[in-house]
Each structure stands twice: as C-alpha cells, then as structure tokens.
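Results of the structural survey
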Amino acid sequence: MMKRLFLYPVLSAALLTASCTDDDSFTTSRSALLTFSADTVSLDTVFSTVPTSTHTFWVYNQGKDGLRLSQVRLQRGNQSGFRVNVDGSYLDNTLGSKVNDLEIRKGDSIRVFVELTSPLNNEDTPQLVEDHLLFSLESGVEQNVCLRAYSWDAQIVSNLKIVSDTTLTSVKPILVRGGITVDSLATLTIKSPAKLFFHDGAGVDVYGSLMVLGQSDDNVVFRGDRTDRMFPYLPYDRVSGQWKGIRIHSSSTSNIVYYADIHSGSYGIQCDSAAYDSLQTRLHVDHSTIHNCKGPGLSAVNSFVNIFNSQITNTLGDCVAVYGGMAQIVYSTLGQFYPFNADCGVALRFTNFSPQGGNVPLYGLTCYNSLITGRADDVVMGEVKDSTLAYDYYFTHSLLRTPAITDSAKLKPFDQVIFEQAKDSVNGKGHFLKVDDENMYYDFRLDSLSTARGRALPMVPEGFTDDRNGRPRGETPDIGCYQTECLKP
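Residues numbered from 1 in each chain as written. Predicted model: local features only at pLDDT ≥ 70, side-chain atom pairs only at ≥ 80, totals over all residues. Heavy atoms only, no water.

1. A look at the overall build of the chain
When helices and strands are tallied, the chain shows two helices and 40 strands. With the C-alpha coordinates aligned to their principal axes, the bounding extent of the chain is approximately 90 × 55 × 45 Å. A buried classification covers 52% of the 489 residues belonging to the chain. For the chain, long-range pairs separated by at least 24 residues make up 63% of all intrachain contacts whose partners lie at least 6 apart in sequence. The centroid of the 42 positive side-chain charges in the chain is displaced by 2 Å from the centroid of its 54 negative side-chain charges. (Helix = DSSP H or I, 4+ residues; strand = E, 2+ residues; numbered from the N terminus. Buried < 20%, exposed > 50% of the residue type's maximum accessible area, 1.4 Å probe, protein only. Contact = heavy atoms within 4.5 Å. Lys, Arg positive; Asp, Glu negative; His and termini not counted. Charge placed at Lys NZ, Arg CZ, Asp CG, Glu CD.)

2. Structural notes on a nonpolar patch on the surface
Nonpolar side chains collect at one region of the surface, where Met-230, Phe-231 and Tyr-233 lie side by side and expose about 280 Å² of accessible area between them. Relative to the assigned elements, Met-230 resides in strand S19 (residues 229–231). (Patch = residues over 30% accessible without salt bridge, like charges linked within 9 Å, V, L, I, M, F, W, Y side chains within 5 Å. Areas by Shrake-Rupley, 256 points an atom, 1.4 Å probe, with all protein chains shown as cover. Salt bridge = Lys/Arg side-chain N within 4 Å of Asp/Glu carboxyl O.)

3. Focus: the packing of aromatic side chains
All chains considered together, the criterion is met by 25 aromatic pairs. On the numbers, 5.2 Å between centres and 50 degrees between planes, the contact of Phe-36 with Phe-135 is tilted. Here Phe-135 lies in strand S9 (residues 127–137) and Phe-36 lies in strand S1 (residues 35–36), a separation of 99 residues in the sequence. We classify Phe-36 as partly exposed; its relative accessible area is 21%. Note on Phe-135: relative accessible area 0%, which makes it buried. Through pairs of rings, three or more aromatic residues link up here, namely Phe-350, Tyr-391, Tyr-393, Phe-395, Phe-414 and Phe-419. The ring of Phe-26 has Arg-68 sitting right over it, with the charged end atom 3.9 Å from the ring centre. (Phe/Tyr/Trp six-rings, centres within 6.5 Å; stacked < 30°, edge-to-face > 60°. Lys NZ or Arg CZ within 6 Å of the ring centre and 35° of its normal.)

4. Here we look at the sheet that holds strand S4 (residues 67–74)
A sheet is described by the order of its strands in space; here five strands give the open sequence S2-S10-S9-S4-S7, paired in mixed fashion. At either end of the open sheet lies a strand with only one pairing partner, and these are strand S2 (40–47) and strand S7 (98–104). Put simply, the sheet's adjacent strands are angled 20 degrees from each other on average, direction ignored. Strand direction decides the pairing type here: S4 and S9, joined by five bridges, are antiparallel. Paired with Leu-69 across the two strands is Leu-137, which belongs to S9. (Pairing = 2+ DSSP bridges. Axes fitted to C-alpha atoms, helices over the stretch in contact; angles between N-to-C directions.)

5. Re the side chain of Ser-48
The residue Ser-48 is located in the loop between S2 and strand S3 (55–60) in this model. In this structure the side chain of Ser-48 is engaged in a polar contact, spanning 2.6 Å, whose partner is the side chain of Asp-153. Not counting chain neighbours up to four residues away, the residues in contact with Ser-48 comprise Ser-118, Pro-119, Leu-120, Asn-121, Ser-151, Trp-152 and Asp-153. (Polar contact = N/O pair within 3.5 Å; in protein donor to acceptor, adjacent residues only side chain to side chain.)

6. So, the side chain of Gln-336
Within the fold, Gln-336 resides in strand S30 (residues 333–336). Classification of Gln-336 as buried rests on a relative accessible area of 2%. A polar contact of 3.0 Å, which involves the side chain of Gln-336, links it to the backbone oxygen of Gly-345. Residue contacts for Gln-336: discarding those within four places in its chain leaves Asn-314, Thr-315, Gly-317, Cys-319, Cys-344, Gly-345, Val-346, Ala-347, Thr-373, Gly-374 and Arg-375.

7. Let's talk about the pattern of salt bridges
Considering all chains together, one arrives at 17 salt bridges under this definition. The residue Glu-103 makes a salt bridge to Arg-105 at a minimum N-O spacing of 3.6 Å. The exposure class assigned to Glu-103 is partly exposed, which follows from its relative accessible area of 37%. For Arg-445, the salt bridge goes to Asp-443, with nearest N and O atoms at 2.6 Å. With a relative accessible area of 13%, Asp-443 lands in the buried category. Here the salt bridges share partners, and the residues they tie into one network are Arg-68, Glu-103 and Arg-105.

8. Structural notes on the confidence of the model for the chain
Averaged over all residues, the pLDDT of the chain is 92; the fraction at 70 or higher stands at 93%. Low confidence marks residues 6–20, where pLDDT is under 50. Its contacts with residues over four positions away, or in another chain, come to 15 contacts. (pLDDT = per-residue confidence, 0-100.)

9. What to know about the pairing of strand S13 (residues 174–182)
Both strand S11 (residues 155–162) and S13 contribute to a ladder of seven bridges, which runs parallel. Within the sheet, the bridge partner assigned to Ile-156 lies in S13 and is Leu-175. By the bridge criterion, three bridges tie S13 to strand S15 (residues 195–198) in an arrangement that is parallel. Note that in S15 the partner of Val-176 across the bridge is Phe-198. In the sheet, S13 pairs with strand S16 (residues 204–206) via three bridges, with the strands oriented parallel. Bridge pairing links Thr-181 to Asp-205 in S16.

10. Comments concerning the sheet that holds strand S8 (residues 109–116)
The five strands lie next to each other as S1-S3-S8-S5-S6, forming an open sheet whose pairing is antiparallel. Of all the strands in the sheet, the pair left with one neighbour each is S1 and strand S6 (89–90).

Below, the structure is given as structure tokens:
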C-alpha cells in the first residue's frame, strides 16, 4: 500500500521540474503564501486497520517569485496513521514523517497524496482521526492543511463457513472478505444490529437456510465495503456491482429476509432452480429493500417465493423475475429506473420457462396492492413458450405500467388494476418523492400527487397492517410498499 502511493507522482514531479528555469527568483517575504486546492482533506468514514484509497490535493504558488519550503511534516508524526507523499517525496513515518528543502517556483504547483490506515479505537461508533500537514516556508511562516477521517472499528471475517446453526450480530460493522458460505445442514441467522460490508466479489452462498431478522428502526444492511467516493457528489455506495449478492442454491429452503436493506450488489437475491414444493416456501422477503443491482434484483426459478411490503428497484436485469413455480407479491413497489444503462430489464417478468430454456410451469403469480412502474412504457412482461404448461397469474388493486388491456377475455386475471400510460406519469417518476439520476439518489415513498395513494385493498385480517418502514396503513391504504399519512375514507 505504501509503495503504491509513492510511485506514480515521481514522473509528474520530474516533468514539472524540467519546465522550470534556473534564474527564477525566490522570496522570503512573509506576505508570500501558498494556496491549496483544499484546506481540509476528508476521507469520510473508514475502517480501522484497513488501508484507504488515495486522496489528493494541490499546492499552488500563485505569486511573482518562487517559494522555498524548509520542511513539510505531519504534526502528529506516526501517531495518526496518515501516510503522505509530497511531490514524489514520501514522508516516512519511521524517519520523522517529514521532508526538507522543497521548492515551488512562481506559477507552479505540487501535488500531495494522502492515505490512511487508522489504528483500532476500541469504540463501537466511528471516532475522529485528525492530523495536520504543516508547510514551513523559508520566511518562517507556517501553513497547514487538515487531514481528517472517522475511523470505525470493524469485525473482520474472511471466507466464513457456517457448518452449524450460527447467529451473527454486531454493533460494529462486519467486514466480509472472500464471502460467507452456509452449509446444507446449517442455518445462519443474521440479527440486528448488523451491518455487513462486503469486499469486491464477496457475497453469501446459502446451501442450508438464511434468516435475516432486522427491525423497523434497525435494518440488517448488506452493501459493499467502499466508503469513499467515485466523484465528489457520488459515493461508491450508490454504484452497483460493489459486491456479489445473496445466492440461494438448489438445496436451500426456508429462507427469511425480514427488515433488510440489500443494495449495490452484482445481484440482490438469486434463487436457483429446485424441486418445486407447494408446501415449502423457499424464500420469504418482508419489509425489505433490494436496490441498485448490476444484475437482477430478485430472481427465482421453479421456487415458491413471497415478496411482502418490500421495495425492489433499479436493476440492470429485471427487478423481479419469476421463472415458473409460485410467487406472491403483496404491498410492494417494483421500480425500474436503473441509471447506468438504458437497455435494462423490466420491473416484473414472469414465465413458464427457465432462463436456460427448460420448462418450469408457473403454478401461480398473485399480485395484490403493488406498484409496478419504471422509465419505459412497458415494464411488466409475461412470457409463455409452451401453452400446455401451467401459466397462471392474477393482479388485483395494483398499478401496472403496461399497455392497457381492452380484450375482455384477457382482462380476467386483472381486477381493479390501474394501467398506467406514458401520458399519466412522465417516465414513471411522478409517483415518487425523488428520482434523481444525476446524483443517483432515489426516494420511493409516494408523492402527494401519485395515483397509487388510497387505492389499495385493506388486508388487515391477512396481517398486512403496516408498511415497509413499520408505519400503520390505516383504513385507506396506498398501493405499494410505502404508506403516506392515513387518509380518511
């Protein structure tokens, strides 16, 4: 990590030096000062003992004369964990964390590179780590740039194999390298408080059972481990493909995901094909979010799955893909607004064949009180290859962004359905509080003008009394996973 930081500035430093002439004058006037591209370099929140990515800033001499720096040093030396390279010179922490005798000629600049490996702070919450990079001019003036980050102690697990029933919970973040594998005879319970940060390529492979048990005010979080930014306005946490995802293998049954936030993976949850059992739910997703995936959000082949009170949005593949088997979608929001590629999947796909082309009867897709929309004019796609196989579906009290069905014979599976046309909501965005593609920020709670408000069928006896965030639905519930204020009938 240290060597990486200090190789690539050398060439740029040599080029800058070559462009200078030897007859430039230098000043020791105390009024001649450096200027900086940033007075504070913030590394945001980082994990203790884990090297950060490299941050940079520029130091400018905008005066009429050259400036000599007698010294550049870290104020706290080797105590803070910061590593610095100034114009190709490493401030070696074993040699005083300083460099002497630098020059910045008039109109010239130098670049500074900063990394951090913070020590353990032995606290449950992020702690401020701060240092100052001091620039001592030949004139005796001292200027400084603040270096700061919040360091968070993490529980680090590598290639974790669950071979017996295990509960995973931690106030501290859980940093996962290599992935988690649940054996076919084991159940892994991940219980709040728990926030799992997966390294690139790491995910969860379930051969046994997975139980995710969050709470309305403390969701279990699955996300990538990069806490820095791709651009100043864009955290890596909003970029898809940061980790692998959760894969339910063919031997796995009885998986429950309750109050979870799963985002920015290569996929969300992938349910492999298995022997269909109408009495055995393979996957139950409830009060959860799957968002911003580089593949599908939730895909299930020949499986029995439930999707209740959940948000599944913004995926390069389909938000939800049901290949045969049985699925129940109740009080959920499926929104296809994937920002990185216009050629993305639909919000909901259901078929009686598998992705590999084999036959898998669709015994029943039922959809109650759900909002299924997106940027395209048609984001609901039903496909059948063999009409002799089961292909049954039913939608009620839902809003679907798909061309209206006018043939009365074809309307039978649709009861009290709102067919949303492009003219009803431009790009489907009008339903939601925020669809900001530029900053990759989305809030899929309902806007006050959404036609989904107050149009759902109350399902209190069935146990559907609250929304995605645990908010009561009241007597006039909204379509989708989020409830606005309870409307009077």
